Amino acid sequence: MQVALSVAIMLAGVGWRHIAQARMAADEPTSCTATAQRSVAPSPVTVGTRVTVTAVIRIACPEVPGPVDVALAIDRSASMRGASLAFAKAAAGAFVDRVELGRTRVALVAFDDTATVLVPLSSIRSRLHSAIARIEVPPAAGTDIVRALRAAGQELAAGADDGRTGRVQAIVLLSDGVNNRGPDAVRQQAAVQRGNDVHLTTVALGRRADAALLAAIAATPSDHWRVSTAEDLAGVYIRIAERLQRLGVRQLAIDDRIGATLSAWPGSAVPEGTQVGDAQRWTIPAAAGEPITITYGLAPSATGRWPVSAFTVATFEDALGRPGSVAIPIPVLDVVAEMPSPTAVPSVTPTASASPTRRLTGSATPATPATPAATPTATTTRIPTPSTPAGAARIYLPIALAGGCLPGAAPLDLVVVLDASTTMEGMTASGRRKLDVAVEGIRRLVDGLDGRRDVRVAFVRFDAAASIWIALTGDLQAVRAALTAPIDAEQGSRIDLGLRAAAEQLGPPDAARRRAVVLVSDGQVFGATEQDVLDAAAALGQAGAERFAVAVGPYAALALLQAVTGAPERVFDAGDGDAFVRAFRAVGGALPCP
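Please read these numbers as outputs of a predicted model, since none were measured by experiment.

This next bit is on the nonpolar core. Grouped together as the largest cluster of nonpolar side chains are 39 residues, with contacts concentrated most on Leu 72, Phe 95, Leu 174, Leu 233 and Tyr 237. Taken together, the elements giving at least two residues each to this core come down to β4 (68-75), α2 (83-98), β5 (104-111), α3 (125-133), β7 (168-175), β8 (198-205), β9 (224-227) and α7 (233-244). With residues near it in sequence (within four places) discarded, Leu 72 still touches Ala 92, Phe 95, Val 106, Ala 107, Leu 108, Val 109, Val 172 and Tyr 237. Membership of the second largest hydrophobic core comes to 35 residues, among which are Leu 445, Val 455, Ile 487 and Phe 548.

Have a look at this one:
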């Protein structure tokens, strides 16, 4: 009895120590460091054209995060019967073993057509493991995500009277299906939980899961996990446990007032926010110190040069309740009466193909280009002018470069780096998976290499890690055969690892061969920093590799992709995915040939 009491006092001490620290520090300024950046693309545009605004907020706090209450909501519907439920139970057990019980309390909720709290918030590991082992699938069970969220939220609210101030409330929801009552009810209940300061993490298991809905209701893009096979669940739940232990930022709110002559594009915000008139707001109950990305669409109604916002600020509290804030920069959007014609870009050189090709290859041999369009100075001065906007270059290059070729070029080594993260699971406007359309575009690129002298090709795929999909080879027929294999998207987006794997494939610098790397991605980085990506890109440049990018999706981080390639002209816009083939045709036309 005395030993048990001592253990209880020791565990409780973690929470009470945090309460005392919070009371002393509440009126002090935060010791967290916060930075923010924002971009708008494309620019310039014409009236009514949709543009994407991307804001990235980084907050780093030195203090140990405070107490955390987590409700694990596990799908036990009929489709989970068998191996799926077995692996889900093992994952929940791994989560319980990984968290720091005492500072963290865990509740267990199982749901099908109904939702049941199997264990109220508890720090007793054996009790949680015992309840997890007893989860079974009832006969003819459906999927009611709304009931699961409501039951988990109610259990978290019931534990609020324990006297632990500064606690973070979180729900980890796992489902392999579609909500019985449609997506709108789930979105509404998720909004209720956000309003109650509940941090929501979602896990979509398998292809039947409504991954788009689960991604939309997650607290941030980093809090949604797409898992193809149940065997991978345990690793994902361990990473979620580690992430929840780092939630040192609380009550993060981003307030924005849209600039004059601009209007929000309905349904474009990721994550979802609220809007009243020209004011929009995002609330994120907690954050783990990783970059937080907010994207949304705008449309201009008048020509001119317009700030995208009247003001934007992010406010937050640290683990000790101390307030902090960071102003978010306000980029300017240029709106012109009309865009230049497709012939405007190639007209600056004698032929349609020479200038873009030199611009794309100029980084490897700065002395080669002979025209002003190829020099760094000309690039920086031409981009802002309405006559040759970056967006127009990406739209018209597929026409200008069709069949283009640089005579007398050296043999070529080409590495395509494909983003296989969960964001590529989304559908294009024609209803096709982005990954599938991307692979089709890659096949067309390979087809376009037929007949070229001494070309070798490699493909790298990346999510949370990077792997060699096809090693560097000159056997294009073997490459085509490998491209027929299906690709599953996984959680994480380590662009830096993908670029470094490309560098490994290319090997040491070789003056006898040209080198090119094509990055296919939306530019969203999870698990690393943008500086990691830029460092990897710089290493490629030092190795003599020319870098291109195919930008995916309406929320692509164009600023980062442009920094990776070194120039906006090297970024080819694939829109929401249906323009992949056209974008790859542009890249293929820019590559050197004999």
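Inspection of every chain in the model, using the stated rule, returns 27 salt bridges. We note a salt bridge from Asp 413 to Arg 456, for which the minimum N-O separation is 2.7 Å. Of this pair, Asp 413 sits in strand β19 (residues 412-419) while Arg 456 is found in strand β20 (residues 455-462), placing the two residues 43 residues apart along the sequence. Arg 444 is paired through a salt bridge with Glu 440; the nearest N and O atoms lie 3.4 Å apart. Taken as a pair, Arg 444 and Glu 440 lie in helix α11 (residues 434-447) at a separation of 4 residues, close to a single helical turn. With relative accessibility at 17%, the residue Glu 440 sits in the buried group.

Put simply, the protein has an average pLDDT of 79, and 79% of its residues get 70 or more. Low pLDDT (under 50) marks residues 1-24, which in the prediction has 16 contacts with non-local residues, meaning those over four places away or in another chain. Across residues 342-408 the pLDDT falls below 50, and counting only partners more than four positions away or on other chains, this stretch makes 100 contacts in the model.

A word on the packing of helix α14 (residues 530-542) against helix α15 (residues 558-565). Look at α14 against α15: their axes get within 8 Å of each other, and the N-to-C directions meet at 25 degrees. By the angle class used here, α14 and α15 are roughly parallel. Listed contacts from α15 to Glu 530, Val 533, Leu 534 and Ala 537 of α14 are Leu 560, Ala 563 and Val 564. Looking at side-chain class alone, the contact of α14 with α15 contains 6 nonpolar, no polar and 1 charged residues.

Analysis parameters
Residues numbered from 1 in each chain as written. Predicted model: local features only at pLDDT ≥ 70, side-chain atom pairs only at ≥ 80, totals over all residues. Heavy atoms only, no water. Core = buried A, V, L, I, M, F, W, Y, C linked by side-chain atoms within 4.5 Å. Buried < 20%, exposed > 50% of the residue type's maximum accessible area, 1.4 Å probe, protein only. Helix = DSSP H or I, 4+ residues; strand = E, 2+ residues; numbered from the N terminus. Contact = heavy atoms within 4.5 Å. Salt bridge = Lys/Arg side-chain N within 4 Å of Asp/Glu carboxyl O. pLDDT = per-residue confidence, 0-100. Axes fitted to C-alpha atoms, helices over the stretch in contact; angles between N-to-C directions. Parallel < 35°, antiparallel > 145°, perpendicular 65-115°, else oblique. Nonpolar A, V, L, I, M, F, W, Y, C, P; charged D, E, K, R; others polar.

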